[in-house]
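Examining the three-dimensional arrangement
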Amino acid sequence: MPIQMHSAQDLFAYQLSCMYVFEQQNVQTLERLSEEVTSEAARGPIQHHLEETREQVGMLEQCFQALDQEPQKVTVHAAQGLTQDHDAFVKLKPDPELLTVYDLEAAAKVEHLEVAAYRGLADKASTMGQKEVARLLREILKQEEDAVRELEAAAKELARQAIKEPALAS
Ligand SMILES: [Fe+2]
């Protein structure tokens, strides 16, 4: 059945489905980044958020159960575009330390996108009176906000090292 888009509930279901697809793709991306980065300082926050992202897929499934709905089959072009950007950067054959900084910052960008998406979704769920869904979405939002801080802190530190000790990054 084609997706209906006539009510705020339709919009919510569509956007929730987009995040369900986005998080599944993010699990794959974080797995890849975790293998690619060269330092433990980078791998730690990536693996931490990878575990959370796997949980979030389950929490989004709980949202759909609470709504008595199935996730819609949607394409999230942003996720594909971000992966393509990453692959284009890898083609430049960056020094490993620079790729690590790039990966951390790319992961942080993804989390910023997710924070914006979950703020909107959690707010809509509250307004619709979907208390359990709103609670789950706020829990995910909190994890995303913490992930932004953790990834950015690691990126900042490694970028500083690369700037101050260019020999190590070449
Ligand atoms: Fe996330």
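Residues numbered from 1 in each chain as written. Predicted model: local features only at pLDDT ≥ 70, side-chain atom pairs only at ≥ 80, totals over all residues. Heavy atoms only, no water.

1. Some remarks on unusual backbone geometry
Stated formally: Labels follow the DSSP assignment, with helices taken as runs of H or I lasting at least four residues and strands as runs of E lasting at least two, numbered in each case from the N terminus. Whether a residue is buried, partly exposed or exposed follows from its accessible area with a 1.4 Å probe, protein chains only, as a fraction of its type maximum: under 20%, in between, or over 50%, in that order.
Even without being a glycine, Asp 68 presents a positive backbone phi close to 60°. Relative to the elements of secondary structure, Asp 68 occurs in the loop between helix H2 (40–67) and helix H3 (77–90). Judged by its relative accessible area of 72%, Asp 68 is exposed. Located in the positive-phi region is Lys 93, a residue other than glycine, with phi close to 55°. Locating Lys 93 in the fold gives a position in the loop between H3 and helix H4 (96–127).

2. Examining the confidence of the model for the chain
Formally: Scored from 0 to 100, pLDDT records how confident the predictor is in each individual residue.
Per-residue confidence for the chain gives a mean pLDDT of 95; residues scoring 70 or more make up 97%. In the model of the chain, H3 stands out as the element of lowest mean pLDDT, 95, in contrast to H2, which has the highest, 98.

3. Here we look at the packing of aromatic side chains
Rules: Only centres within 6.5 Å qualify two rings of Phe, Tyr or Trp (six-membered ring in Trp) as a pair; their planes then separate them into stacked at under 30 degrees, edge-to-face at over 60, and tilted for everything else.
Counted under the stated rule, the structure contains two aromatic pairs. An angle of 70° between the planes, with centres 5.8 Å apart, marks the rings of Tyr 20 and Phe 64 as edge-to-face. Highlighted residues: Tyr 20 in helix H1 (residues 8–36) and Phe 64 in helix H2, separated in sequence by 44 residues. Take Tyr 20 and Phe 64: they sit in the same class, and that class is buried. Consider the rings of Phe 89 and Tyr 102, whose centres lie 4.0 Å apart with planes at 5°: the pair is stacked. In this pair, Phe 89 sits in helix H3 while Tyr 102 sits in helix H4, placing the two residues 13 residues apart along the sequence.

4. Quick notes on the coordination of the iron ion
Basically, it comes down to this: Metal coordination here is assigned from N, O and S atoms located within 2.8 Å of the ion, or within 3.2 Å for Na, K and Ca; omission of water means that sites may look incomplete.
Within the protein, the atoms that donate to the iron ion are His 49 (NE2), Glu 111 (OE), Glu 114 (OE), Glu 144 (OE) and Glu 144 (OE), at distances of 2.0 to 2.8 Å. For the iron ion, all donor residues lie on one chain, and their spacing in sequence is H-x61-E-x2-E-x29-E. Here Glu 111 lies in helix H4 and His 49 lies in helix H2, a separation of 62 residues in the sequence. With respect to burial, His 49 and Glu 111 carry one shared label: buried.

5. Re the layout of surface pockets
Stated formally: With a 1 Å grid laid over protein atoms only, a set of points is called a cavity when a 1.4 Å probe fits there but cannot get out and a pocket when it is open yet has protein on both sides within 12 Å along at least five of seven lines; lining residues have an atom within 4 Å of a point. Grid points are joined across faces, edges and corners, and a volume is the space filled by probe spheres set on the points.
Volume-wise, the largest pocket comes out at about 310 Å³. Within the residue set of the lining of the largest pocket, elements represented by two or more residues are H1, H3 and H4. Per element, the largest residue contribution to the lining of the largest pocket is seven residues, and it comes from H1.

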